[in-house]
Amino acid sequence: MTALLALAGCSPGAGEPSADTAPDPAGLTEAMFGHVHAVLTDPDSGQIQLATHLGLFVVDPQEGIGRVGPALDLMALAEGGAGRLLASGHPGLQSDLPDPAGLIESHDGGRTWVPVSRGGRSDFHALAPYDGGLYGWDGALMHTTDEQQWSPRADPSDGGVLTASPDGTTVLVSDGEGLRRSTDGALSWSGAQQGPPLQVIDWSDAGSDVAGVTPGGVLWSSADGGQTWTAGDQLDAAPQAIEVRGTGTGRLVTVVTAEGIWQATGAQPLAPVTIEP
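Everything numeric here is computed off the predicted structure, so don't read it as measured data. (Residues numbered from 1 in each chain as written. Predicted model: local features only at pLDDT ≥ 70, side-chain atom pairs only at ≥ 80, totals over all residues. Heavy atoms only, no water.)

Enquirer: Help me understand the nonpolar core in this model?
Expert: Most often, soluble globular proteins have nonpolar side chains that are buried together. Core analysis: the largest hydrophobic core is formed by 13 residues, its most contacted members being L77, I104 and W113. Listing elements by their share of this core, those giving two or more residues are β2 (36–41), β6 (72–81) and β7 (84–91). Per-element tally for this core: the top contributor is β6, with 3 residues. In contact with I104, other than residues within four places in its own chain, are L72, L85, L86, A87, S88, L97, W113, V114, P115 and V116. (Core = buried A, V, L, I, M, F, W, Y, C linked by side-chain atoms within 4.5 Å. Buried < 20%, exposed > 50% of the residue type's maximum accessible area, 1.4 Å probe, protein only. Helix = DSSP H or I, 4+ residues; strand = E, 2+ residues; numbered from the N terminus. Contact = heavy atoms within 4.5 Å.)

Here it is as structure tokens:
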């Protein structure tokens, strides 16, 4: 027997456990997640990583779900290559990370985190890595090629929703009302909002495949780097996070909503992820 994984749709409030008082992951309830800010998947193992207000959680459809590492308020999560994770947010009470954390990294799957840069200065709500650099949004659009020295980029939106092509030259941002596109590394932007009003967006790690979800839960896809878009599945809840990953079958799309986790491989429709109870 399997059960749909349910997730809460807001940050912890009155009566909900905080990041430093959350019980053992074996007793998780939906209120313990708060909002999910980012999702990463491993197509080989089927595991799904969730960046939440209470830390990093790993969903395994066969083995269940549990928190990995310390209680941190993770506002962003991204892959940094060679088994490395990048993140940002705020430390828990038991952490010695600066607040805000700036850019932090983990080399052990999120079990431990160490500062990289911008500690005490930046709370990145979005991280968009590419081959040779990284974009981040901490209230302003920032860029780095060495993860140490950051420079501002032209920022056409205050929404903090962004993604970048694998080579970093094309950047897409959205504020929930429309999409803006840059083809020169976020130095300049097209004059008009283009494309659907996406609340979450991600560019595949391979090719020109991009996908996003509107506040109303409609999945949109682009096969040409955000120039043209096609509407797809309708979800029953607003999105919280999305990942698009290249696979041998074309792509794997993972969407997190307040109701659960949904995935689609290739041209298949989105379906709920189930885990053993």
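Enquirer: I keep staring at the packing of aromatic side chains and nothing clicks. Help me out?
Expert: Aromatic ring pairs are defined here through the distance separating the ring centres and the angle between the ring planes. Under the defined criterion, the tally for this structure stands at 2 aromatic pairs. Consider the rings of Y130 and Y135, whose centres lie 5.4 Å apart with planes at 35°: the pair is tilted. Summarising the burial analysis for this pair, Y130 and Y135 share the class buried. (Phe/Tyr/Trp six-rings, centres within 6.5 Å; stacked < 30°, edge-to-face > 60°.)

Enquirer: Quick question: what am I supposed to make of the sheet that holds strand β15 (residues 171–174) here?
Expert: Remark on secondary structure: sheet strands pair via backbone hydrogen bonds, oriented parallel or antiparallel. Across the sheet, which stays open at both edges, the 3 strands sit in the order β14-β15-β16 with antiparallel pairing between neighbours. Both outer strands of the open sheet, β14 (161–164) and β16 (179–182), are each paired with one neighbouring strand and no more. With strand direction ignored, the average angle separating the axes of adjacent strands in the sheet is 15°. Where β15 and β16 come together, 4 bridges link them in antiparallel fashion. Within the sheet, the bridge partner assigned to L172 lies in β16 and is R181. (Pairing = 2+ DSSP bridges. Axes fitted to C-alpha atoms, helices over the stretch in contact; angles between N-to-C directions.)

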